[in-house]
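If you want the building blocks of each chain, they are given just below.
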Amino acid sequence: MTHSKLIVVSNRLPISVSKTDGKLTFKESPGGLATAMSSLGEDRDMIWIGWPGIASDNLTSADKRAINRRLKAGGYVPVYLTAKQVADFYDGYSNDTLWPLFHYFESIANHNSEYWSGYQDVNQKFLRAVLAHATQSDAIWIQDYHLMLLPNLIRKNLPEATVGFFLHIPFPSFELFRLLPERKEILEGLLGADLLGFHIYDYARHFIGSSVRLLGAKSSNGLINYNGQQTQVDSFPIGIDYKKFATMATSENTKSEAAILHEHHPDQKVMLSVDRLDYTKGILQRLEAFDVFLKTYPRYYKKVCLVMVAVPSRIDVETYQNLRDQVEQSVSRINGEHGMIDWTPISYQFQNLPFDQLVALYAEADIALVTPLRDGMNLVAKEYVASKQTKPGVLILSEMAGAIDEMPEALSVNPNDTGSIVKAIKTALDMTQREQKTRLRQIQKRISRYTVQRWGADFLDQLQLVKDTQAMGDAKNITQSVETDIKNAFAHADSRTLFLDYDGTLKSFTSSLRQSDSAPSKKLLHLLDSLCNLPNTIVYIVSGRDKASLEKWFGNTKLSLIAEHGAWKKVENSWVKTDANFDTIKATLRPILKQYAERTPGAIVEEKDFSFVWHYRDVPTELAYIRTMNLKHALQPIIKDSDVSMYDGNKILEVKLRNITKGHAVATVLDQAPAEFVLSIGDDFTDEDMFKSLPDSAVTIHVGSDKSHARYQLSNVAQVHSFISHLSMAKK
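Residues numbered from 1 in each chain as written. Predicted model: local features only at pLDDT ≥ 70, side-chain atom pairs only at ≥ 80, totals over all residues. Heavy atoms only, no water.

Let's talk about the environment of Tyr502
Logical step 1: Mapping Tyr502 onto the fold places it in the loop between strand S18 (496-500) and helix H19 (515-518).
Logical step 2: A polar atom in the side chain of Tyr502 sits 2.6 Å from the backbone oxygen of Ser518. (Helix = DSSP H or I, 4+ residues; strand = E, 2+ residues; numbered from the N terminus. Polar contact = N/O pair within 3.5 Å; in protein donor to acceptor, adjacent residues only side chain to side chain.)

In C-alpha cells:
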C-alpha cells in the first residue's frame, strides 16, 4: 500500500505563537523530532497537526485566520486549546498524572477527575483535526503521552488508515501502571495503532505485560491481538542529528566559546551537567555525590569544577519551583563549604544556552555527568559523545536512562547510589586519554549510524511492513462483495444448515463460570430465532458448554444443540449421549486438577460429563504459564496410555476424550441430513476440527486474527452478529 500523505500529530507544533501588545510572533522550536520529520517530508506530502502554544482565549477571529495562513504555508495545522483545556489536559493529566507515574514517581502523581475529562476532551479535539485532513489511505504518526487515546479514536473513524504511535517516555512496569485509574482506557487507546514504538524493549515488554494482564489481550512475538485489532510492538531508540553536532563542534564560534570556558576554569577538569530542571533528572542526587566526592578526595580542590546547566521547565508549577529552590540552595551550600577566593566548585546556570555555547561545553568537558533517576532515552548523553569528535572525555551514565543500552562503554552508575557516582567520578579522572578515546569512538560509531533521521525512516518503514503483513491476512476478511455472494448462495439454497460456536463467537468471553454471566442477551436470542424461522434452515449451537447450560438458555427455542464438543446432542427434545466412557479416569484426574486450582488464585476447574476444563483467565500471566506447564507435566503420565488428551484453548486447558470433537459431530449431522448450503462459525482450536471436516463448498468463518483453516474471518463477536443479521434478511 502506498500512502497519499504522512500526517504527524503531536501535542506541540515545532513553531510557537505568542501575542504581545496585540502583535503575533512566530518562533520556531527546533528539536530532534522536527529534524526527523523534516527529513521524512522530503519525498512525500506531509502535514503536522498540533497546538501552537498559545491559549485560544487570547486570540481573536482575525488572529486565528492570520495564524492559520502562516502555519499552512509551513505544512502545519493548529489545534486551538483554551486556557482551561491547557490546564487540565497538559499541565494536569499529562504532566501532573502521567509524567510522574510513568517515571516511577507515583507518590506525587495527582489523580484528578477534571484532569481526565480534560485529557479526553482534547484527544477528541485532536481527532476532529485529524479527520478534517486524513483519508483511509494516509499514514498517521502520533507522538507521545499527551495523545494516548487518539490511536483508537482514529481507528474507529478511519478503520483502514495506517496508524503509528511512539512513546518518548518510559512505560512503567505493571505493578506501577495498574495504579492508574484510567489504565484500561489508556491501553485500549494505544492498541488502536498498527505499530507502537518505544525507546527500548523493557518499555515494550512492560506495555505487553499490562495489556495481557489488564485487558486479557493475546500476545506472541511482540504482536498483540485485542478486539480484532493487531498491534505490533517494537523498540526504536531515538537518535540525534549527529552531523549537526559534529559539524558545530569544529566551527569557529564553538572554538571561541571553548576558549572562554578555559579562561574561566584554567587547569581544571570540567565536569558537565546539562538537564531540563525536572525531578526525574536526579540533579539533587548528583549534587550530593559531587559534595561527597570533594569531602572524600580533598586533593582535587581547585583541580575540578562542576558546570551545571539547568534549563527552565514548567516554571509556573509549584513542584518545579520547589525543586529549583532546593537545587540552588544545594549549590550555595556546597560552594560555601568547599569554595575558596580563587575557586568556585560549582558554576550554576539556570538558562537555555545558545546552541554553539552548548556544543562548546560538550566538546571541552572532561566528564559528562548524566545521572537521571529515570529517563526514556536521554539525548544529552548522545549529544556529548557526538560533540567530542577526536577529543578525549568520559561519559558517566545512569543505568536508569534508556540510552545505556546503546552505550555500554560509558561508566554506568545507579543514580540512587551516591557511592557509585563518587567512584565513577574518580575512575573517570584516573582514566587514560587513550582509553577515553577508545570508549568514545565505539559509541560514536553506533550513534552516528542510527541518527534521528534514520530513526524516523526506520519507524515508518516498519509501519509500512506491518500494514503490508496485515493486508496479506486481510485477504480472508469478508468484504461487502464476499458477503453479497454468501447471502445469494444462502438465499437460493433449497436446504441450509448452520453450525455456530457459542463462547467467543456469539457471546464474548467472561471470566466467570456462573451461567447468568454467560447467558445470551434478548437481542441475540431474537437474532437466532430469526434464522431458525427461515424455511429449510437448521441452526445448530455447537459448543463446549455442558448440556445443562445450553438447555437452560436455548431449550425453548427452535435451535438444535450439541454440547461438550459433541458428547451430547439434543434430538427431538431429548439429549442423546455419545458412546464413550470418561468416568474411569475422572476420579484420578479430579484431585490433581483441584489441587492446582486451590493453590492458584483465580484458577477454576470446571467438571463436565466428558471433560475437565482448567480456567486461568483471572490468573496473572506469569503464574498461569508456570502452573499450566506444571499441571500438564502432572497429568501426562496419567493420560499417556488412554484415549484422553490435553488441549490448549483461550485461557483454558481442556482434558477430554480425543475422539469427541466438533468435527465428528457436524460430519455425523451432515451424513444423516445433507444440506445444499453449509455454514460454520467459530473462534478456537475446537472449531478447527469442525472447519476441516466440512465439505469444500461449506462457508467456514474464523472469529479473530489467529491462523485458521477457515476460508474467511471476522474480527469479533459484534461482526458475527452483524453478519448473521444480514444473512437472516437475505432474499432470492
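Remarks on the pairing of strand S13 (residues 304-311)
Logical step 1: Burial runs high along S13: eight of the eight residues are buried.
Logical step 2: Covered by surrounding structure in S13 are Val304, Leu306, Met308 and Ala310 together with Cys305, Val307, Val309 and Val311, the residues of both alternating faces.
Logical step 3: Both strand S12 (residues 269-276) and S13 contribute to a ladder of eight bridges, which runs parallel. Paired with Val274 across the bridge in S13 is Val309.
Logical step 4: Between the parallel pair S12 and S13, the chain is carried across by helix H11 (residues 283-296), and the sense of this crossover is right-handed.
Logical step 5: The pairing of S13 with strand S14 (residues 346-350) spans five bridges and is classified as parallel. Counted as the bridge partner of Val307 is Ser347 from S14.
Logical step 6: A crossover connection joins S13 to the parallel S14 through helix H12 (residues 318-338); in handedness this β-α-β unit is right-handed. (Buried < 20%, exposed > 50% of the residue type's maximum accessible area, 1.4 Å probe, protein only. Pairing = 2+ DSSP bridges. Right-handed = clockwise from strand over helix to strand, strands pointing away.)

Considering a nonpolar patch on the surface
Logical step 1: Taken together, Tyr625, Ile626 and Met629 make up a surface patch of nonpolar side chains, about 320 Å² in accessible area.
Logical step 2: Relative to the assigned elements, Met629 resides in helix H23 (residues 621-639).
Logical step 3: For Met629, a relative accessible area of 39% translates into the label partly exposed. (Patch = residues over 30% accessible without salt bridge, like charges linked within 9 Å, V, L, I, M, F, W, Y side chains within 5 Å. Areas by Shrake-Rupley, 256 points an atom, 1.4 Å probe, with all protein chains shown as cover. Salt bridge = Lys/Arg side-chain N within 4 Å of Asp/Glu carboxyl O.)

Points about empty space enclosed by the protein
Empty pockets left among the atoms are what a rolling probe the size of a water molecule brings to light.
Logical step 1: Evaluated as defined, the whole model comprises three cavities of 30 Å³ or more.
Logical step 2: Computed from the structure, the largest cavity encloses a volume of approximately 450 Å³.
Logical step 3: The wall of the largest cavity is formed by 30 residues, among which Asp503, Phe509, Arg545, His615 and Ile652 lie closest to the centre.
Logical step 4: Elements represented by at least two residues in the lining of the largest cavity include exactly strand S23 (604-607), strand S24 (611-615), strand S26 (652-657) and helix H25 (685-693).
Logical step 5: Here the lining of the largest cavity is composed, by residue class, of six nonpolar, twelve polar and twelve charged.
Logical step 6: Put simply, the second largest cavity is a space of about 50 Å³.
Logical step 7: The leading source of residues in the lining of the second largest cavity is helix H16 (residues 433-449), at four residues. (1 Å grid on protein atoms, 1.4 Å probe; cavity = no way out; pocket = protein on both sides within 12 Å on 5 of 7 lines; lining within 4 Å. Points joined across faces, edges and corners; volume = space filled by probe spheres on them. Nonpolar A, V, L, I, M, F, W, Y, C, P; charged D, E, K, R; others polar.)

Quick look at the sheet that holds S24
Logical step 1: Read across the open sheet, the four strands follow the order S23-S24-S26-S25; overall the sheet is antiparallel. For this open sheet the edge positions go to S23 and strand S25 (644-648), each flanked by a neighbour on one side alone. Averaged over all pairs of adjacent strands, the angle between their axes in this sheet comes to 15°, without regard to strand direction.
Logical step 2: Pairing of S23 with S24, which is carried by four bridges, proceeds in the antiparallel orientation. Bridging from a neighbouring strand, Glu606 pairs with Val613 of S24.
Logical step 3: Against the sheet, H23 makes contact with S24, S25 and S26, and its axis sits at roughly 165° relative to S25, the strand it touches most. (Axes fitted to C-alpha atoms, helices over the stretch in contact; angles between N-to-C directions. Contact = heavy atoms within 4.5 Å.)

Observations concerning H23
Logical step 1: An ideal rise of 1.5 Å per residue puts 27 Å on 19 residues; H23 measures up with 26 Å between its terminal C-alpha atoms.
Logical step 2: Here H23 has its buried residues at Ala624, Arg627, Thr628, Leu631, Leu635 and Ile639.
Logical step 3: Here the buried face of H23 lies against helix H22 (583-598), S24, S25 and S26. (Expected span 1.5 Å × (residues − 1).)

Quick notes on the pattern of salt bridges
Logical step 1: Using the criterion set out here, one finds 32 salt bridges in the structure.
Logical step 2: A salt bridge links Lys255 to Glu252, with the nearest nitrogen and oxygen atoms 3.8 Å apart. Here Lys255 pairs with Glu252, and both are found in helix H10 (residues 252-264), just three residues apart, close to one helical turn.
Logical step 3: Residue Glu252 is classed as exposed on the basis of its relative accessible area, which comes to 55%.
Logical step 4: Across the salt bridge formed by Glu551 and Lys570, the nearest N and O atoms sit 3.0 Å from each other. Placement of Glu551 in helix H21 (residues 547-554) and of Lys570 in strand S21 (residues 568-571) is noted, with a sequence separation of 19 residues between them.
Logical step 5: A relative accessible area of 31% places Glu551 in the partly exposed class.
Logical step 6: Here Lys570 falls in the buried class, since its relative accessible area comes to 13%.
Logical step 7: Each of the salt bridges in this network shares a partner with another, and the network as a whole consists of Asp291, Lys295, Arg333 and Glu337.

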